[in-house]
Amino acid sequence: MGHGDYGSKKLVKKASEEILEIIKPGDIVNQDLKTKWYEFWLKIGFWGIKTYQKDLFGKKSNWQDSHTMMFFNERNTFSVELPKAKFKPIQEYCLSDMSIYRCKLMEMTPEYIDSMMDTAKRMLGSDYDIGQLLDIALRQILGYSQHRKVRFFDFGKKKKVCSVGARVCYEHLYMKKIKPSLDNPPRGKWLFHSVYADKWSEKFANNYKGTDVEATAPAHFANTDYFQNEFELIAKFDNGHRTA
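Visitor: Help me understand the environment of proline 89, please; the structure alone is not making it clear to me.
Guide: Along the polypeptide, proline 89 turns up in the loop between β4 (84-88) and β5 (98-103). Expressed as a C-alpha distance, the spacing of proline 89 and serine 16, which sit 73 residues apart in the sequence, is 9.6 Å. Those residues in contact with proline 89 that sit more than four places away from it in its chain are Glu74 and Arg75.

Here is the structure:
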């Protein structure tokens, strides 16, 4: 999944420094990951993700991303990927085709960042399969008694789980830190709970009841104008160069 010359210490250093001038703790990092010619299993997975996103949001949307991570600091970006969820330094992905999104719903305080990092740590592990990871994220962390099963042959494990990790961090923050302080908190989950009707068919908008945590895709973060503008695009980088 490499992209760019990571063997060039000078290029990696320059790219990392430029990104670190812009990115903030709690930001979402979406990537359009590249594959090597023989990594057919990744090509199939990424094709499934992008097809799902293009079908859901439309050809004119931002549907090209295939992976979602959450940035905390230079040494720690939370990434749910096979074979395990882990923290990685920015130097490992600074040359990728990446977009940075920032949550607009609140000011990201040190207390909130610590809370989300604690949530991310609960999803770390060296031997979780996808079913176990979803169970930890949805049942143990968020306390949901029921959630949809992820079937083995539906692209689900590659299509959903990377974005689910970041979504869980936000939803758990809302449950534990934000919702208790509200006098009249809205029902339902925090993110992607309401749609902007003009972006959807009338039938879909009328029947929409929120996006389940386990159905969250990278494109949800990249297309929040389809919902309630929960996130804004901060910058785009490709091969260490800022493109937007």
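Visitor: Looking at this model, I keep getting lost on the environment of tyrosine 196. Mind explaining?
Guide: Within the fold, tyrosine 196 resides in the loop between α5 (156-178) and α6 (202-207). Here the alpha-carbon distance between tyrosine 196 and phenylalanine 227, two residues 31 residues apart in the chain, equals 5.0 Å. When sequence neighbours within four positions are dropped, the list of residues in contact with tyrosine 196 reads Asp225, Tyr226, Phe227 and Gln228.

Visitor: How should the nonpolar core be read in this particular structure?
Guide: Here is a general trend for soluble globular proteins: nonpolar side chains tend to be buried in one another's company. Counting 41 residues, the largest nonpolar core has Met70, Phe72, Phe78, Tyr170 and Phe231 as its most contacted members. Only β2 (67-73), β3 (76-81), β4, β5, α3 (110-122), α5 and α7 (218-222) provide two or more residues apiece to this core. If we ignore the near neighbours within four places in the chain, the residues touching phenylalanine 72 are Pro25, Thr77, Phe78, Phe87, Ile113, Met116, Met117 and Ala120. One finds Val12, Ala15, Val29 and Met98 within the second-largest nonpolar core, a separate group that totals 17 residues.

Visitor: Would you mind showing me how to read the packing of aromatic side chains here?
Guide: Between two aromatic rings, the relevant description is the distance of the centres plus the angle of the planes. For the structure on display, the rule yields 17 aromatic pairs. Relative to tryptophan 190, the ring of tyrosine 174 has its centre 5.3 Å away and its plane inclined at 10 degrees; by these criteria the two rings are stacked. With a gap of 16 residues between them, tyrosine 174 in helix α5 and tryptophan 190 in the loop between α5 and α6 connect regions that are remote in the sequence. Here tyrosine 174 and tryptophan 190 have matching classes, each one buried. With 6.2 Å between their ring centres and 45 degrees between their planes, tyrosine 208 and phenylalanine 227 make a pair best called tilted.

Visitor: Looking at this model, I keep getting lost on unusual backbone geometry. Mind explaining?
Guide: Excluding glycine, residues mostly carry a negative phi; peptide bonds, for their part, are mostly trans. Phi angles above zero are rare outside glycine, and phenylalanine 192 is one such case at about 55 degrees. Relative to the helices and strands, phenylalanine 192 resides in the loop between α5 and α6.

Visitor: Looking at this structure, how should I read the pattern of salt bridges?
Guide: Any two side chains of opposite charge can pair, given that their charged atoms come close. Evaluation of the coordinates by the stated rule reveals 11 salt bridges. One salt bridge in this structure joins aspartate 27 and arginine 102, with 2.9 Å as the shortest N-O distance. With a gap of 75 residues between them, aspartate 27 in the loop between α1 (9-20) and β1 (28-31) and arginine 102 in strand β5 connect regions that are remote in the sequence. Neither residue differs from the other here; aspartate 27 and arginine 102 are each classed as buried. Here the salt bridges do not stand alone but share partners, grouping Asp32, Lys34, Lys50 and Asp97 into one network.

Visitor: Honestly, the sheet that holds strand β6 (residues 231-238) in this entry has me stumped. Any pointers?
Guide: By way of backbone hydrogen bonds, the strands of a sheet pair with one another, either parallel or antiparallel. With antiparallel pairing, 7 strands are arranged side by side in an open sheet as β4-β3-β2-β1-β5-β6-β7. Because the sheet does not close on itself, it has two edges, and the strands there are β4 and β7 (241-242). Direction of pairing for β1 relative to β2: antiparallel, over a ladder of 4 bridges. Looking across to β2, one finds that valine 29 is bridged to methionine 69. Relative to β2, α3 is tilted by about 125 degrees, and along the sheet it contacts β2, β3 and β4.

Rules and cut-offs
Residues numbered from 1 in each chain as written. Predicted model: local features only at pLDDT ≥ 70, side-chain atom pairs only at ≥ 80, totals over all residues. Heavy atoms only, no water. Helix = DSSP H or I, 4+ residues; strand = E, 2+ residues; numbered from the N terminus. Contact = heavy atoms within 4.5 Å. Core = buried A, V, L, I, M, F, W, Y, C linked by side-chain atoms within 4.5 Å. Buried < 20%, exposed > 50% of the residue type's maximum accessible area, 1.4 Å probe, protein only. Phe/Tyr/Trp six-rings, centres within 6.5 Å; stacked < 30°, edge-to-face > 60°. Salt bridge = Lys/Arg side-chain N within 4 Å of Asp/Glu carboxyl O. Pairing = 2+ DSSP bridges. Axes fitted to C-alpha atoms, helices over the stretch in contact; angles between N-to-C directions.

Remember, this is a structural readout, not a statement about activity or role.
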